[in-house]
Amino acid sequence: MKNKIFLYLFVFAALLALYQFVAGNKMQDALNAKNVDIDRLHAEVESLNDSLLKTQLRVLDMQYFTLENNDDALAYYDHLNLENPSRYIEDKLLETNEKSGDNPLVPYAGMESDFKINKIKVLNHKWILADFSDGKYWGDLIIKYELKDDMSVDFTLLDHLLYARN
């Protein structure tokens, strides 16, 4: 009887050791898989950070020709105490769209509907790039402007381009 108890105890201990061995191997495999995932995620984060840096540099490059980033041009408006001169000038230019018919700064007659100014980029204290469209046809404008002390803005068309439809 004593031998059978030792035999059962030995078999139980052997099964317990076998279970521990298999569970330990599975845990090690899972740990290795997680380490591989962590390494892959670190590489992905590094790649995304590089992409973000490139995008930020590209945005800074695109913002080079803007009134907001040109301190010399902004100095012309210091005496007016405008919080955002670009926004003010853009708003004044968009007000020219409110008249019925084509925008007076667009030298073309609308073909599908009236030509209106859509997008505006204030380059400095003198020039604006603008996009216009009638819904089907579109073009670009180079506009000279002057912001006066009484807060009025005079716009003068310097050049224009209407894109041909294919």
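Going by the structure above, here's the rest.
Residues numbered from 1 in each chain as written. Predicted model: local features only at pLDDT ≥ 70, side-chain atom pairs only at ≥ 80, totals over all residues. Heavy atoms only, no water.

Student: Explain the overall build of the protein chain here, please?
Tutor: Along the backbone of the protein chain there are 3 helices and 4 strands. Secondary structure elements of the protein chain, listed N to C terminal, follow the sequence α-α-α-β-β-β-β. The C-alpha radius of gyration of the protein chain comes to 35 Å, more than 25% above the 15 Å expected for a compact globule of 166 residues. Structurally, the protein chain occupies a C-alpha span of about 110 × 45 × 25 Å along its principal axes. Per-residue burial over the protein chain gives 21% buried out of 166 residues. For the protein chain, the accessible surface area stands at approximately 12500 Å², while carbon and sulfur atoms represent 58% of it. Taken together, the 18 basic and 27 acidic charged side chains of the protein chain have centroids lying 13 Å from each other. (Helix = DSSP H or I, 4+ residues; strand = E, 2+ residues; numbered from the N terminus. Rg over C-alpha atoms; globule rule 2.2 N^0.38 Å. Buried < 20%, exposed > 50% of the residue type's maximum accessible area, 1.4 Å probe, protein only. Areas by Shrake-Rupley, 256 points an atom, 1.4 Å probe, with all protein chains shown as cover. Lys, Arg positive; Asp, Glu negative; His and termini not counted. Charge placed at Lys NZ, Arg CZ, Asp CG, Glu CD.)

Student: For this particular structure, what's the right way to read the side chain of Asn-103?
Tutor: Following the sequence through the fold, Asn-103 ends up in the loop between helix H3 (85-95) and strand E1 (116-122). One polar contact links Asn-103 to Asn-97, side chain to side chain, over a distance of 2.6 Å. Engagement of the side chain of Asn-103 in a polar contact is seen with the backbone nitrogen of Leu-105, the distance being 2.9 Å. Those residues in contact with Asn-103 that sit more than four places away from it in its chain are Thr-96, Asn-97, Phe-115, Lys-116 and Ile-117. (Polar contact = N/O pair within 3.5 Å; in protein donor to acceptor, adjacent residues only side chain to side chain. Contact = heavy atoms within 4.5 Å.)

Student: In this structure, what is going on with unusual backbone geometry? I would like to understand it.
Tutor: Only a minority of non-glycine residues have a phi that is not negative, and only a minority of peptide bonds are not trans. In the Ramachandran plot, Asn-81 falls in the positive-phi region, its phi being about 55° despite a non-glycine side chain. The residue Asn-81 is located in the loop between helix H2 (71-74) and H3 in this model. At Met-151, a position not held by glycine, the phi torsion is positive, near 75°. Structurally, the position occupied by Met-151 is in the loop between strand E3 (138-147) and strand E4 (153-162). Exposure remark for Met-151: the relative accessible area of 23% places this residue in the partly exposed category.

Student: Where do I start with the pattern of salt bridges in this structure?
Tutor: In a structure, side chains of opposite charge can pair up when their charged atoms sit close to one another. Tallied over the full model, the rule gives 5 salt bridges. Asp-91 is the partner of Arg-87 in a salt bridge, and the nearest nitrogen-oxygen pair spans 3.3 Å. Taken as a pair, Arg-87 and Asp-91 lie in helix H3 at a separation of 4 residues, close to a single helical turn. Owing to a relative accessible area of 40%, Arg-87 belongs among the partly exposed residues under this scheme. Taking the relative accessible area as the measure of exposure, Asp-91 reaches 33% and is therefore partly exposed. Residue Lys-92 is joined to Glu-95 by a salt bridge in which the shortest nitrogen-to-oxygen separation is 3.9 Å. Of this pair, Lys-92 and Glu-95 are both found in helix H3, 3 residues apart, which corresponds to roughly one turn of the helix. A relative accessible area of 25% means that Lys-92 is categorised as partly exposed. The structure contains a network of salt bridges with shared partners spanning Arg-87, Glu-90 and Asp-91. (Salt bridge = Lys/Arg side-chain N within 4 Å of Asp/Glu carboxyl O.)

Student: Got a minute to help me understand the pairing of strand E2 (residues 127-133) in this structure?
Tutor: Bridge count between E1 and E2: 6 bridges; the pairing is antiparallel. For Ile-120, the partnering residue across the bridge sits in E2 and is Ala-130. Between E1 and E2, which pair antiparallel and follow one another directly, the connecting turn spans 4 residues. When E2 meets E3, the two strands line up antiparallel, connected through 7 bridges. (Pairing = 2+ DSSP bridges.)

Student: I'm lost on the environment of Leu-147 in this one. Help?
Tutor: Following the sequence through the fold, Leu-147 ends up in strand E3. Since its relative accessible area comes to 11%, Leu-147 is described here as buried. In this structure Leu-147 touches Tyr-77, Leu-80, Leu-82, Tyr-88, Ser-152 and Val-153, once residues within four positions along its chain are discounted.

Student: How should the side chain of Thr-96 be read in this particular structure?
Tutor: When you line up the elements, Thr-96 lands in the loop between H3 and E1. Of the residues examined, Thr-96 reaches a relative accessible area of 11% and is grouped as buried. In this view, Thr-96 contacts Asn-103, Pro-104, Leu-105, Ile-117 and Phe-155; residues no more than four positions away in its chain are not counted.

So yeah, pure geometry; function would need other evidence.
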